[in-house]
Amino acid sequence: MYKVAELAELIRQEKAGDVLGITEKQISEIQDAWGVPRLPSAYVEFLTRMGARAGRLLRGTDAFYPVVLQMREWADEFFDENSDFLPLRGGEIVFAMHQGYLAYWMSDISAADPEVVLWSEAVSTPLRVWPTFTAFLNSHYADEPGVK
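Every value quoted in this text rests on a predicted model; they were computed, and no experiment measured them.

> Sorry, what's going on with helix H2 (residues 24-34) here?
Along an α-helix, residues three or four apart share an orientation, since each turn contains 3.6 residues. The complete set of buried residues in H2 reads Ile27, Ile30, Gln31 and Trp34. Buried residues along H2 cover an arc of 95 degrees about the axis, so they all sit on one side. In H2, the exposed residues that point more than 90 degrees away from the buried face are Lys25 and Asp32. Its buried side turned inward, H2 meets helix H3 (41-50), helix H4 (71-81) and strand E3 (93-98). Phi turns positive, to about 65 degrees, at Gly35, one or two residues after H2.

> Just to check I follow, could you spell out the packing of aromatic side chains for this structure?
In this description, a pair of aromatic rings is defined by centroid distance and the angle of the planes. Counted according to the given criterion, the structure contains 16 aromatic pairs. Residues Phe79 and Trp105 carry aromatic rings whose centres are separated by 5.6 Å and whose planes lie at 80 degrees to one another, so their mutual orientation is edge-to-face. In this pair, Phe79 sits in helix H4 while Trp105 sits in strand E4 (residues 102-106), placing the two residues 26 residues apart along the sequence. With respect to burial, Phe79 and Trp105 carry one shared label: buried. With a centroid separation of 5.2 Å and an interplanar angle of 85 degrees, the aromatic rings of Phe95 and Phe133 are classed as edge-to-face. With Phe95 in strand E3 and Phe133 in helix H5 (residues 133-141), this pair connects stretches of sequence that are 38 residues apart.

> Sorry, what's going on with the side chain of Asp18 here?
One can find Asp18 in the loop between helix H1 (4-14) and strand E1 (19-20). Comment: no salt bridge for buried Asp18; closest opposite-charge side chain is Arg59, at 4.3 Å. Residues in contact with Asp18, not counting those within four places in the same chain, are Arg53, Ala54, Gly55 and Arg59.

What counts, and where the lines are drawn
- Residue indices begin from 1 for each chain and proceed along its sequence in written order.
- Given that the model is predicted, a residue must reach a pLDDT of at least 70 before its local features are reported, and side-chain atom pairs must reach 80 or more before they are shown or counted; all residues, however, enter totals for whole chains, interfaces and linings.
- To obtain the side-chain values, all non-hydrogen atoms of the structure were used and water was disregarded.
- Three exposure classes are used, based on accessible area relative to the maximum for each residue type with a 1.4 Å probe and protein chains only: buried under 20%, partly exposed in between, and exposed over 50%.
- Think of it this way: any DSSP run of H or I at least four residues long counts as a helix, any run of E at least two long counts as a strand, and we number them from the N terminus.
- This arc describes the spread of directions from the helix axis toward the C-beta atoms.
- Pairs of residues are marked as contacts when any of their non-hydrogen atoms sit within 4.5 Å.
- Two aromatic rings from Phe, Tyr or Trp, using only the six-membered ring of Trp, form a pair when their centres are within 6.5 Å; if the ring planes differ by under 30 degrees the pair is stacked, by over 60 it is edge-to-face, and anything between is tilted.
- Here Asp and Glu are counted as negative and Lys and Arg as positive; His is not counted, and neither are the chain ends.
- Here, a salt bridge means any side-chain nitrogen of Lys or Arg that lies within 4 Å of a carboxyl oxygen of Asp or Glu.

Structure follows, in structure tokens:
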């Protein structure tokens, strides 16, 4: 499995200029939007290296700055509309949404590299769960079936 930095470099090699990170200030804006004391370190590394653009990784998915600043609002709507189906425990943050009907969230932001859950609207079980955020990125990089 590749580390976040290795994935960024592999994508950069595929097409120069297709990878762009964001600043610490912009990462703080994301943290403030969620009202959390810190973000998981694996996610912070992703944002630092690929937070604005990540080539083919997560193409077509709202996961990049500045759009992620709206994620809290969109996630609240998603949770409200699907409250009968979503077993949220608290402490999750949605870091990406795909076309408004798929939500990706980290289930425990206190972990350095938290589990990632993919949920679809009006479905009573997760579509997929990755053991870590890094594993999630690797599966998207490898274009594994069922990643979106």
